[in-house]
Amino acid sequence: MSDPAVVDLIRTLLILVLVYLAYIDFQTFQLPDLITLPLIASGIFFNALSGLRFGNLQQSILGAILGYICLWGLNRLYRFLKKQEGIGMGDAKLLAGLGAWLGWSSLPALLFTASIAGLLGGLTWLKLNKQTIGSAFPFGPFLIFAGIIELLWPQLLQNILIISPT
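Only a predicted model underlies this, so the values are computations on that prediction, with no experimental measurement involved.

**Q** Outline helix H5 (residues 107-128), supporting the account with residue identities and numerical values.
**A** Given a rise of 1.5 Å per residue, 22 residues ought to cover 32 Å, and the 30 Å separating the end C-alpha atoms of H5 matches this to within 8%. At glycine 118, H5 is deflected by roughly 25°, the largest bend along its length. All of the buried residues in H5 are Leu107, Ala109, Leu110, Thr113, Ala114, Ala117, Gly118, Gly121, Gly122, Trp125 and Leu126. Just downstream of H5, lysine 130 is the residue with a positive phi angle, here 50°.

**Q** Break down the pattern of salt bridges for me, citing the residues and quoting the values.
**A** Per the stated rule, a full pass over the model turns up 2 salt bridges. The closest approach of N and O atoms between aspartate 33 and lysine 93, which form a salt bridge, is 2.7 Å. Here aspartate 33 is found in helix H2 (residues 33-49), whereas its partner lysine 93 is found in helix H4 (residues 89-102), with 60 residues between them in sequence. When its relative accessible area of 37% is taken as the criterion, aspartate 33 is described as partly exposed. On the accessibility criterion, lysine 93 (17% relative accessible area) is buried. Two residues, glutamate 85 and arginine 79, come together in a salt bridge whose shortest N-O distance is 3.1 Å. In this structure arginine 79 comes out as partly exposed when scored by relative accessible area, which is 32%.

**Q** Which residues make up the packing of helix H3 (residues 57-82) against H4, and what are the values?
**A** Where H3 contacts H4, the axes come no closer than 7 Å and their chain directions differ by 160°. Considered as vectors, H3 and H4 are oriented roughly antiparallel to each other. Considering how the two elements wind past one another, H3 and H4 form a crossing that is right-handed. For the pair H3 and H4, contact is made by Gln59, Ser60, Gly63, Ala64, Gly67, Tyr68, Cys70, Leu71, Trp72 and Asn75 and by Met89, Asp91, Ala92, Lys93, Leu95, Ala96, Gly99 and Ala100, respectively. Along the lines of polarity and charge, the residues of the contact of H3 with H4 split into 10 nonpolar, 6 polar and 2 charged.

**Q** Lay out the packing of H4 against helix H6 (residues 140-152) with the relevant residues and their values.
**A** One way to put it is that H4 packs onto H6 with a least axis distance of 10 Å and a crossing angle of 5°. One way to sum up the angle between H4 and H6 is to call them roughly parallel. Between H4, through Asp91, Leu94, Leu95, Leu98 and Leu102, and H6, the contact on the second element is made entirely by Gly140, Leu143, Ile144, Gly147, Glu150 and Leu151. Of the residues belonging to the contact of H4 with H6, the class tally is 7 nonpolar, 2 polar and 2 charged.

**Q** Tell me what's going on with the packing of aromatic side chains, and back it up with residues and numbers.
**A** In the structure shown here, the tally under the stated rule is 4 aromatic pairs. On the basis of an interplanar angle of 50° and a centroid distance of 6.1 Å, the ring pair of phenylalanine 54 and tryptophan 101 is categorised as tilted. A residue pair is termed long-range when its members are at least 10 positions apart, and phenylalanine 54 in the loop between H2 and H3 and tryptophan 101 in helix H4 qualify at 47 residues. Taken individually, phenylalanine 54 and tryptophan 101 each receive the classification buried, so the pair is uniform in this respect. Linked through ring pairs, Phe46, Phe54 and Trp101 together constitute an aromatic cluster.

Analysis parameters
- Residues numbered from 1 in each chain as written.
- Predicted model: local features only at pLDDT ≥ 70, side-chain atom pairs only at ≥ 80, totals over all residues.
- Heavy atoms only, no water.
- Helix = DSSP H or I, 4+ residues; strand = E, 2+ residues; numbered from the N terminus.
- Expected span 1.5 Å × (residues − 1).
- Bend = angle between axes of the 7 residues up to and from the residue.
- Buried < 20%, exposed > 50% of the residue type's maximum accessible area, 1.4 Å probe, protein only.
- Salt bridge = Lys/Arg side-chain N within 4 Å of Asp/Glu carboxyl O.
- Axes fitted to C-alpha atoms, helices over the stretch in contact; angles between N-to-C directions.
- Parallel < 35°, antiparallel > 145°, perpendicular 65-115°, else oblique.
- Left-handed = near helix turned anticlockwise from the far one by under 90°.
- Contact = heavy atoms within 4.5 Å.
- Nonpolar A, V, L, I, M, F, W, Y, C, P; charged D, E, K, R; others polar.
- Phe/Tyr/Trp six-rings, centres within 6.5 Å; stacked < 30°, edge-to-face > 60°.

Quick look at the structure:
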């Protein structure tokens, strides 16, 4: 990445889109295709065509595919076991978009961070809304939280978890 001002502008615009998506998900429990699908495409095109990319084209495409498949597969397993939907496919498209922008290697940290934040935030959400553990809550904002962390501080989680030999 060459020009820091341009990179900061791109990060800021991406964060604004993600925050808007989090707001929509909190309000409607939906992540609209009108925003998530262009997020995927723009991440792939940005990393393919821009000299400012966050990864290369292969990392971007693999990130989009694996991001979607991870949550799609998790939902299929949950549906098989519980006979009901577990996670929305808007969340899968959102993770695909984050994978397209940040590359496939960011997916483990994104999922780990979002899961921990979702566990803590979800329990808080359910308590504040006086709902039970079985009630639904939006997961997209927690994926977005994880995505923003990874966008601003790449590989923060890996760096924290690595214990350096002394």
